[in-house]
Each structure stands twice: as C-alpha cells, then as structure tokens.
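Secondary and tertiary structure notes
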Amino acid sequence: MRLVILGGPGAGKGTQTELLCSYLSIPCISTGDILREAIASQTNLGRLAEPYVEKGDLVRDETMIEFIRQRLLLPDVTKGWLLDGYPRTAFQAEELDFLVDEFGQKVDWAIYLNVPDAVLMSRSLGRSRADDQPQIVQRRIDLFRDRTIPILEYYEHRQKLLTVSGNQPPDQIHQEILKKLMANG
Ligand code: AMP
C-alpha cells in the first residue's frame, strides 16, 4: 500500500505514521525528520534545507522532488510506503503522481488528520524542537493552510482523500484510519 499522511504541525502525523507503518509493515518516510537529521549532520541536503527549516518555510520544491525521487528508488520501498510530510505543495503532489506512474505504481490514499488551528498551536508548543517556537509554529500553520489545503482538493478530486478527526486520542484516530482504509478497500 502507498499512502501519504497530511495534517498541520502538531496534528499527530508522527504518531499515526508510526502506528500505521508498524501495523501495515511498510517503511515510513518522514521528510521533516530526514531534513532535521540532514541539517544536524550538514549533508548536502541539510545545507540546502537549513535556511528554510529554521524559519518554518518550505524547502524548495525542486530540492524535495529530487530527494523523493532518489528515496523511492531505494530497494526497501518497492512493496509500499507511507510518506509523512510529503507532499506539502500541489506541485509536489502532482510530481509524486508522475513519479509513481513512471514506476508503474499509484498513491492509494491520502489520509488527512483534521485538527483545529488552536489545537495545532498548543500541541506544537508542548514539544521542544527548535522549529516549535510560537512565531515559527504560527508560520508553519499559516503555510499549512495556504499550501496544503490545495493538496486536499487534489486528492479529493481523485477520490483518494480519507479525512479523519485528529482531535481525539491517538489510538482512536488509528482505529478510525484502519476502518476507513478497510472500508475503501
Ligand atoms: P515537519 O516535521 O513535517 O513539520 O517538517 C519540518 C520542516 O521541514 C518544515 O517546516 C519544512 O521547513 C521542512 N519540510 C518537511 N517536508 C517538506 C516538504 N515536503 N516540502 C518542503 N519543506 C518540507
């Protein structure tokens, strides 16, 4: 199965990603985690991403699209994957479809964790990551609304969007996601 998970900062994507990947036995690719690690070890990708990540801005589409192309060529992902934090723009969503099409595959579902902005803010501030300070979080929430909402429309239009309330305990969210995945085959 090939899945993407969408939601604002603090929507619970990380937790649901872990639960789903272990339940479905598929690798998860979390672009935010990968970028933070790349920045910490100052790889080429890290150096390209750092000025954006530290301000809460989106890394350039070209950088991300090329990264995902290389990542999805590795042998651990031939049987499926879950992308967490990707796509973040409609352009990335389109390019992802072109890419999987080239590989003779498709994205099965986009799972959207729907959480009110106030909850996104308070959850993010409860973490202690460098990019979780109030102004940066607000920037990330604004960007999420501006840039990611068109992605929801993109998947909705293709009848691939599963919306789940992210404002409930993690295990209930997980159960609801599984129920929707099963119901939709
Ligand atoms: P996350 O942990 O998913 O919230 O991502 C942390 C930061 O990494 C974001 O604020 C962006 O700066 C960057 N980032 C992660 N994924 C992407 C992406 N698909 N496109 C652009 N920037 C990204």
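Above this text sits the structure in question.
This report concerns the structure included in the present document.

1. Quick word on the packing of helix H2 (residues 31–40) against helix H3 (residues 44–53)
Contact geometry of H2 with H3 gives a least axis separation of 8 Å together with a crossing angle of 110°. With respect to H3, the axis of H2 lies roughly perpendicular. When H2 is examined against H3, the residues Ile-34, Leu-35, Ala-38 and Ile-39 are found in contact with a partner set consisting of Leu-45, Gly-46, Ala-49, Glu-50 and Val-53. Per-class residue counts for the contact of H2 with H3 are 7 nonpolar, 1 polar and 1 charged.

2. Quick notes on the site of the ligand
With respect to spatial proximity, 16 residues lie near the ligand, and among them Thr-31, Arg-36, Asp-57, Gly-85 and Arg-140 are the closest. Gly-85 has a polar backbone atom sitting 2.9 Å from a nitrogen atom of the ligand. Take Arg-140: an N or O atom from its side chain is 2.8 Å from an oxygen atom of the ligand.

3. Quick notes on the packing of aromatic side chains
By the definition in use, this model includes 2 aromatic pairs. Taking 5.3 Å as the distance between ring centres and 90° as the angle between the ring planes, the aromatic pair formed by Tyr-154 and Tyr-155 counts as edge-to-face. For the pair formed by Tyr-154 and Tyr-155, the shared burial category is buried. Over the face of the ring belonging to Tyr-154 we find Arg-158, whose NZ or CZ atom lies 3.6 Å from the ring centre.

4. A closer look at the sheet that holds strand S3 (residues 81–84)
With respect to topology, 5 strands assemble into an open sheet ordered S2-S3-S1-S4-S5, the strand pairing being parallel. Both outer strands of the open sheet, strand S2 (28–30) and strand S5 (161–165), are each paired with one neighbouring strand and no more. With direction set aside, neighbouring strand axes in the sheet form an average angle of 20°. Summarising the sheet, strand S1 (residues 2–6) and S3 pair through 4 bridges and their orientation is parallel. Bridging from a neighbouring strand, Arg-2 pairs with Trp-81 of S3. With respect to the sheet, helix H1 (residues 13–24) is in contact with S1, S2, S3 and strand S4 (109–114), its orientation differing from that of S3 by roughly 175°.

Parameters and conventions
- Residues numbered from 1 in each chain as written.
- Predicted model: local features only at pLDDT ≥ 70, side-chain atom pairs only at ≥ 80, totals over all residues.
- Heavy atoms only, no water.
- Axes fitted to C-alpha atoms, helices over the stretch in contact; angles between N-to-C directions.
- Helix = DSSP H or I, 4+ residues; strand = E, 2+ residues; numbered from the N terminus.
- Parallel < 35°, antiparallel > 145°, perpendicular 65-115°, else oblique.
- Contact = heavy atoms within 4.5 Å.
- Nonpolar A, V, L, I, M, F, W, Y, C, P; charged D, E, K, R; others polar.
- Near = heavy atom within 4 Å.
- Polar contact = N/O pair within 3.5 Å; in protein donor to acceptor, adjacent residues only side chain to side chain.
- Phe/Tyr/Trp six-rings, centres within 6.5 Å; stacked < 30°, edge-to-face > 60°.
- Buried < 20%, exposed > 50% of the residue type's maximum accessible area, 1.4 Å probe, protein only.
- Lys NZ or Arg CZ within 6 Å of the ring centre and 35° of its normal.
- Pairing = 2+ DSSP bridges.

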